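Spelled out from the first residue to the last, the chains are:
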Amino acid sequence: MNYTEITSKNNEKIKSVAKLVSSSKERKSTSLFVLEGARLCFDAAKSGYVIKEAYFTQDAVTKFSDYTDIIADCAKNVYLITDEVSEKISDTVNSQGIFCVVEMKRQTAFEIESTKKYIALENVQNPQNLGSVARSAEALGIDGIIVCGGCDMYNPKALRASMGSLLRIPIIAVDDLVETLERANFEGMLTAATVPDGNARDITKTDFSAGVIAVIGNEGNGVTEAVKSIARERITIKMKGEAESLNASVAAVITMWEIMR
């Protein structure tokens, strides 16, 4: 396959890719995001995402031809870049030299089904937590993730931490989680706020047999008072020792395990 070569890190296309990597605002305004790595780019190609541009180093084409051939076939434009250019747009320490500029899928109406099970993330800021939750949610069979505030799901660190799950599992961003929970309450779902409170219901003694939305809060401040007030239950993961709380992604994994168990 013939590639267009880019040898300067000051090339305008490379500057645009670097901006997409670093800026959530740029991603939102262009409806584009960047994936890095053979497997993530391959997953996007196989999952029906539109790959606007693909960038490969010569070393990547040699080492990962099984991936790059398929990615290149799906991409509208393909570029061969130098190692110096790769370093300019990489968000990793040891880059594989494979990058894709991908179009965000158009957000479709997401109807919460009252018999299904969801995890909601309220103001979760750490992209690695978001990615880890998505990966675990897909593995455990959670029906979808509801995101209110917090980090951008197209953050490169979130996408890598999810191992592609953020590209596959249903996700909806909501501006008002209270309104979403009110609607779920009306539909007869169990809405639950996770809290580090010994007086809350023990998660292992909670009935998750019906439809569920369980909320995981911000890493520092937890679930907001507004969400606690509207949730039908406050649930807690009993802890031993002197730990006051769990990491958000760990709390989410335990919660999802109990929901699906």
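Counting starts from 1 at the beginning of each chain's written sequence and moves along it residue by residue. Since the coordinates come from a predicted model, pLDDT governs what is reported: local features require at least 70, and pairs of side-chain atoms require 80 or more to be given and counted, while whole-chain, interface and lining totals use all residues. Neither water nor hydrogens contribute to the side-chain values; these are computed over all heavy atoms in the structure.

Before going further, it helps to examine empty space enclosed by the protein. Points on a 1 Å grid, built from protein atoms alone, make a cavity when a 1.4 Å probe fits but cannot get out and make a pocket when they are open with protein on both sides within 12 Å along at least 5 of 7 lines; residues with an atom within 4 Å of a point are the lining residues. Grid points are joined across faces, edges and corners, and a volume is the space filled by probe spheres set on the points. Summed over the entire model, instances satisfying the criterion amount to two cavities of 30 Å³ or more. Each pocket or cavity is described by its volume, and for the largest cavity that value is around 70 Å³. If you go around the largest cavity, the residues you meet are Val21, Val34, Leu35, Glu36, Leu40, Ile89, Ser90, Asp91, Pro156, Leu159 and Arg160. Each helix is a run of DSSP H or I of at least 4 residues and each strand a run of E of at least 2, with the numbering of both proceeding from the N terminus. For the lining of the largest cavity, the secondary structure elements donating two or more residues are β2 (32-36) and α8 (156-161). Under this grouping Gly is polar, as are all residues other than the nonpolar Ala, Val, Leu, Ile, Met, Phe, Trp, Tyr, Cys and Pro and the charged Asp, Glu, Lys and Arg. Its residues assigned to classes, the lining of the largest cavity comprises seven nonpolar, one polar and three charged. Along the walls of the second largest cavity sit Leu121, Val124, Leu130, Val147, Gly149 and Cys151, which together make up its complete lining. Broken down by class, the residue content of the lining of the second largest cavity amounts to five nonpolar, one polar and no charged.

Moving on: a nonpolar patch on the surface. A patch consists of residues exposed above 30% relative accessible area that lack any salt bridge, with like charges linked at up to 9 Å and nonpolar side chains (Val, Leu, Ile, Met, Phe, Trp, Tyr) linked at up to 5 Å. In these tables, accessible area is a Shrake-Rupley quantity obtained with a 1.4 Å probe, and a residue counts as shielded only by the protein chains included in the view. A pair is scored as a salt bridge if a Lys or Arg side-chain nitrogen falls within 4 Å of a carboxyl oxygen belonging to Asp or Glu. On the surface, a cluster of nonpolar side chains totalling about 210 Å² of accessible area is made up of Met239, Leu246 and Val250. In this structure, Leu246 sits in the loop between β12 (233-236) and α11 (248-260). Remark: exposure states derive from per-residue accessible area (1.4 Å probe, protein chains only) relative to the maximum for the residue type, with buried under 20%, exposed over 50%, and partly exposed in between. For Leu246, a relative accessible area of 34% puts it in the partly exposed group.

Moving on: the state of the cysteines. Two cysteines joined by a covalent bond between their sulfur atoms form a disulfide. Working definition: a disulfide is two cysteine sulfur atoms within 2.5 Å of each other. Inspection of every chain in the model, using the stated rule, returns zero disulfides. Its sulfur unpaired, Cys41 is 3.5 Å from the next cysteine sulfur, which belongs to Cys100.

Before going further, it helps to examine the pairing of strand β3 (residues 51-57). Among the seven residues in β3, six count as buried, and that is most of the element. Following DSSP output, two strands are said to pair if at least two bridges run between them. Both β3 and strand β5 (residues 98-103) contribute to a ladder of five bridges, which runs antiparallel. Pairing of Ala54 across the sheet is with Cys100, part of β5.

Another point: the sheet that holds strand β4 (residues 75-81). With respect to topology, five strands assemble into an open sheet ordered β1-β4-β3-β5-β2, the strand pairing being mixed. If you trace the sheet from one side to the other, it starts and ends with β1 (4-6) and β2, each paired once. Taken pair by pair, the neighbouring strands of this sheet meet at an average axis angle of 25 degrees, ignoring direction. By definition in these notes, contact holds between two residues if any of their heavy atoms fall within 4.5 Å. Here, axes are lines fitted to C-alpha atoms. For helices the fit covers the stretch in contact, and angles between N-to-C directions go from 0 to 180 degrees. Taken strand by strand, helix α1 (residues 12-22) contacts β1, β2, β3, β4 and β5, and its axis lies near 105 degrees from that of β3.

Right, let's talk about the environment of Lys157 for a bit. Mapped onto the fold, Lys157 is located in helix α8. Placed 103 residues apart in sequence, Lys157 and Met260 show a C-alpha to C-alpha distance of 27 Å. Discounting chain neighbours no more than four positions away, the residues touching Lys157 are Asp91, Pro127 and Gln128. Two N or O atoms count as a polar contact when they lie within 3.5 Å, although within protein this holds only if one can serve as hydrogen donor and the other as acceptor, and sequence-adjacent residues are included solely when both atoms are side-chain atoms. Side chain to side chain, Lys157 and Asp91 meet in a polar contact 3.4 Å long.

Size it by volume and the second largest pocket reaches roughly 330 Å³. As for the second largest pocket, its lining consists of 21 residues, of which Thr194, Pro196, Ser245, Leu246 and Ala251 are closest to the centre. Only β12 and α11 provide two or more residues apiece to the lining of the second largest pocket. For the lining of the second largest pocket, the residue count by class is ten nonpolar, nine polar and two charged.

A few words on the pattern of salt bridges. Taken as a whole and assessed by the stated rule, the structure comprises 17 salt bridges. For the salt bridge of Lys15 with Glu12, the shortest nitrogen-to-oxygen distance reads 3.5 Å. Here Glu12 and Lys15 lie together in helix α1, a separation of three residues that amounts to about one turn. Here the salt bridges do not stand alone but share partners, grouping Arg39, Asp43, Glu138 and Arg168 into one network.

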